[in-house]
Structure formats: C-alpha cells, structure tokens
Amino acid sequence: MVSVAILGAAGGIGQPLSLLMKLNTSVTKLNLYDIVNVPGVAADISHVATNAQVKSYLGPKELDEAVSGIDLAIIPAGVPRKPGMTRDDLFKINAGIVKTLVEAIASNSPRAMIAIISNPVNSTVPIAAEVLKAKGVFNPKRLFGVTTLDVVRASRFVRDIRSDIDATTLRVPVVGGHSGNTIVPLLSMASTPLEFDIKTIEELTQRIQFGGDEVVKAKDGAGSATLSMAYAGARFADSLIRAMSGETVVEPTFIALAADVEGANQIRELGAGELDFFAVPVELGKEGVRRIVPLPAESITEFERKAIAVASDALAVNISTGVSFAKSA
Ligand code: NAI
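Residues numbered from 1 in each chain as written. Predicted model: local features only at pLDDT ≥ 70, side-chain atom pairs only at ≥ 80, totals over all residues.

The name given to the protein chain in an unreviewed UniProt entry is Malate dehydrogenase, with the source organism recorded as Coemansia asiatica. Within the UniProt record for the protein chain, the comment given under Sequence similarities (unreviewed entry) is "Belongs to the LDH/MDH superfamily. MDH type 1 family." Its UniProt record gives the protein chain the following Subunit (unreviewed entry) comment, quoted word for word: "Homodimer." (UniProt positions renumbered as here; feature names shortened; annotations may be inferred.)

Have a look at this one:
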C-alpha cells in the first residue's frame, strides 16, 4: 500500500506513466503534479476502476502538498531532446527543475524513495544527491536514476536478431550511466547465454547505446521516447514497490556508490574507479538498495572492460557537472 507522486505528470512520459501507476494495485494514493494541464490528466485517469485515489496538483504553490506523505516520487519533469541534441544539451533547463522538485521532497517526505527519469540522468541524480545532503536527509539507498529503458531495449534488440529468445524474460545487465557511450550492456552476462560473435556484439552494443536516437529521429522534432519510457518507468516503480513490501527484486539502476552500499567496492575494481555514481544491477529490498549484485570479474569480456573504461571517463565529467551546479545554484 504505497503513496506515489509523479512530478511532470502531464508530459509525454508523465501521462502514460500515471495511467500505468493507476493500474498498479499496490498504489493507494497517486498525486499528479505538473506546471500545466494536470487537472485534466488527473480527472481522466481518476475514472479508471482501481482503488488508488488520484489527486491533481498544479504549479509551484501546490508542490509541497503534492509531495507530502509519499513513499515514492517519480520525476519525469523537464524538456526532452529534439533531433541533433544530446542528453547533456538538456542540462541547463532540467538541472534547475530537478533541484526544485527534490528540495520539496526533502522538506516534506524526507524518507521517500526518489526515482529520477529527467535527463541527463548522469547529472540530475548527482544534483538530487547534493540537494538531499544539503538538507541533511541524503540516503544513498533511496535515490535512483531510472536506466530501465536501456535494459528494456537490450532485451528487445536481442530478440530482433534472435527470434528464439523471449524478450519478456531475458535480462541483460546494463551498467555505467544513461547516455550514449556511458551505457554499457554486459551481453556476456545475459540471463540466457547468447554467444554472439564480436561483430554482432559491437553492433548490438551500439544500438543499445544510441537506441534513444532512433525514437528522436522518427518523432522528427516531436520529442523522445515516451511510451516505452513510461513502460520502463512503471516497471522500475513496480520493482521498487514490490521490494518495499518484502520481495527481493533485481533491477539495474544508477545509484550512489556510497561506502555503506554493499558491493560498491567490487564495482570500483571493475572499472568505476573513484566515481561516486554508477548504474549497476541492484538487489532492492524494504529500505531501497539492499546490495549491488556481484558481477564476476572473470566473466567480463575485454570488449566490455574497454567500454566500461570509456563510460567511466565520460561519467566523471557528467557527475561533476551535476555536483558543481548543485553547489553553485
Ligand atoms: P515532455 O515535455 O513531454 O513533458 C515534460 C513535462 O514536465 C511537461 O508536462 C512539463 O510541463 C513538465 N514540467 C516542466 N517543468 C516542470 C516543473 N518545474 N515542475 C513540474 N513539471 C514540469 O517531456 P517527456 O518526453 O515527458 O520527457 C521528460 C524527461 O524525461 C526529459 O528530460 C527526457 O529527456 C527524459 N527522458 C528520460 C528517459 C530515461 O530513460 N531516463 C527516456 C526518455 C526521456
């Protein structure tokens, strides 16, 4: 029985995500917040015959109330990419939006789990961490960057070339971050052995890393992934909710590699080095991150090791951009 707030609920991701969360029978309260159009979205979704009570919150004056008494906040607020833009181009606008929203959560529901979808995730999650630290309520086990879409794409893109694989059950751990070459699918550790040749691995890795561009290009100026992202966001939120009620669930997600997070050292040895954040398969429990699932070093291929090194260099820049913004704003 959880109370969920969706911040940015009237957007391309926010609307289908709100609908999917309304369908989640563990959700008892669904607070929908946006700066535009949210009363209509909330009224519409509130008629769906599940037990969750839907409420609309419009504009900054209603933000505090929207995030009071919640167990989980999901944040898809912000601007999406247009053709030719990278996720980092979004930083200027989205950094400030995420900062404001996380400040409100920190003040009103300091123990809430926070799942950030707003890009660039590699920088917005470090911003959120700094905001929570400044408020004295940072818990690295309760803050998540949502990278589930990379995991979802990995399963689906494998299925595109291997029709014998079930995309609904195949799990490929995706580590690193959430943009371009910071996305590192570990195809060698897929839940079903794939045994691809190196050319296939290179092509598949490239497609998973830049899969978002396929959608941006096809939408031709009308935005980036929204429907598949809503599916991925709802899957991540459901995993978190099931974990909060006692199940053990594993999902890759971008988290702080804090000293008290079990498994952080192994990820550092694997290539994360001194980075403070990294996407890793996480075992979720009642209190959020229970531990990082060990990734056996001997199973990682040379190709993957190199990809992790490239990802780590780029991530170092993205993370420090976020931290500097939060400290100076
Ligand atoms: P959109 O423009 O359709 O919707 C964004 C919503 O945020 C709008 O309704 C807007 O009014 C709202 N918003 C803007 N400022 C706000 C504020 N201060 N407080 C609350 N709400 C505010 O954009 P879309 O397509 O839904 O994408 C949202 C974000 O998600 C983008 O940053 C996008 O890059 C990111 N994204 C992340 C993915 C991931 O895998 N993590 C995948 C796809 C998109």
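Now that the structure is up, let's keep going.
Caption draft 1: Region of the structure containing the overall build of the protein chain. Broken down by element type, the protein chain carries 11 helices and 11 strands. For the protein chain, whose C-alpha radius of gyration is 19 Å, the value lies close to the compact-globule estimate of 20 Å for 329 residues. Overall, the protein chain is about 55 × 40 × 40 Å in size when its C-alpha atoms are taken along their principal axes. Taken over 329 residues, the protein chain has a buried fraction of 50%. For the protein chain, restricting intrachain contacts to residue pairs at least 6 apart in sequence, the fraction spanning at least 24 positions comes to 73%. (Helix = DSSP H or I, 4+ residues; strand = E, 2+ residues; numbered from the N terminus. Rg over C-alpha atoms; globule rule 2.2 N^0.38 Å. Buried ≥ 20, exposed ≤ 12 C-beta atoms within 10 Å, placed from the backbone. Contact = placed C-beta atoms within 7 Å.)

Caption draft 2: Looking closely at the domain arrangement of the protein chain. Taken domain by domain, the protein chain comprises domain 1 (2-145) and domain 2 (148-328). Among the elements of the structure, helix H1 (14-22), strand E4 (72-75), helix H4 (91-108), strand E5 (113-116), helix H5 (121-134) and strand E6 (143-145) are those that each provide at least two residues to the side of domain 1 that touches domain 2. Looking at side-chain class alone, the side of domain 1 that touches domain 2 contains 26 nonpolar, eight polar and eight charged residues. (Domains from an automatic or database assignment. Nonpolar A, V, L, I, M, F, W, Y, C, P; charged D, E, K, R; others polar.)

Caption draft 3: The arrangement of the environment of Asp64 in detail. Its location among the elements puts Asp64 in helix H3 (residues 63-66). You can call Asp64 partly exposed: it has 14 C-beta atoms within 10 Å. Spatially, the C-alpha atom of Asp64 lies 9.4 Å from that of Ser109, the residues being 45 residues apart in sequence. Not counting residues up to four positions away in its chain, the partners in contact with Asp64 are Ala104 and Asn108.

Caption draft 4: View of unusual backbone geometry. Going from Asn119 to Pro120, the amide bond is cis rather than trans, its omega being -5°. Summarising the element assignment, Pro120 is placed in the loop between E5 and H5. Positioned with a positive phi, Glu195 is a non-glycine residue whose angle comes to about 50°. A count of 9 C-beta atoms within 10 Å places Glu195 in the exposed class. Despite not being glycine, Asp220 shows a phi value in the positive range, around 50°.

Caption draft 5: Just the environment of Met189, in detail. One can find Met189 in the loop between strand E8 (183-185) and helix H7 (198-209). Sequence-distant contacts of Met189, that is, excluding residues within four places in its chain, are made with Pro173, Leu295 and Ser299.

Caption draft 6: Spatial organisation of the packing of H4 against H5. Viewed as axis vectors pointing N to C, H4 and H5 meet at an angle of 35°, and their least axial separation amounts to 9 Å. The two elements H4 and H5 meet at a crossing, and its hand is right-handed. On the side of H4, the interface is formed by Phe91, Asn94, Ala95, Val98, Lys99, Val102, Glu103 and Ala106, while H5 contributes Ser123, Thr124, Ile127, Ala128, Val131 and Leu132. (Axes fitted to C-alpha atoms, helices over the stretch in contact; angles between N-to-C directions. Left-handed = near helix turned anticlockwise from the far one by under 90°.)

Caption draft 7: Quick look at the UniProt feature "domain: Lactate/malate dehydrogenase C-terminal" (unreviewed entry) in the protein chain. Sequence positions flagged by UniProt for "domain: Lactate/malate dehydrogenase C-terminal" (unreviewed entry) are, in local numbering, residues 147-325. Note that residues 147-325 is 48% helix and 16% strand, and that its end C-alpha atoms are spaced 22 Å apart.

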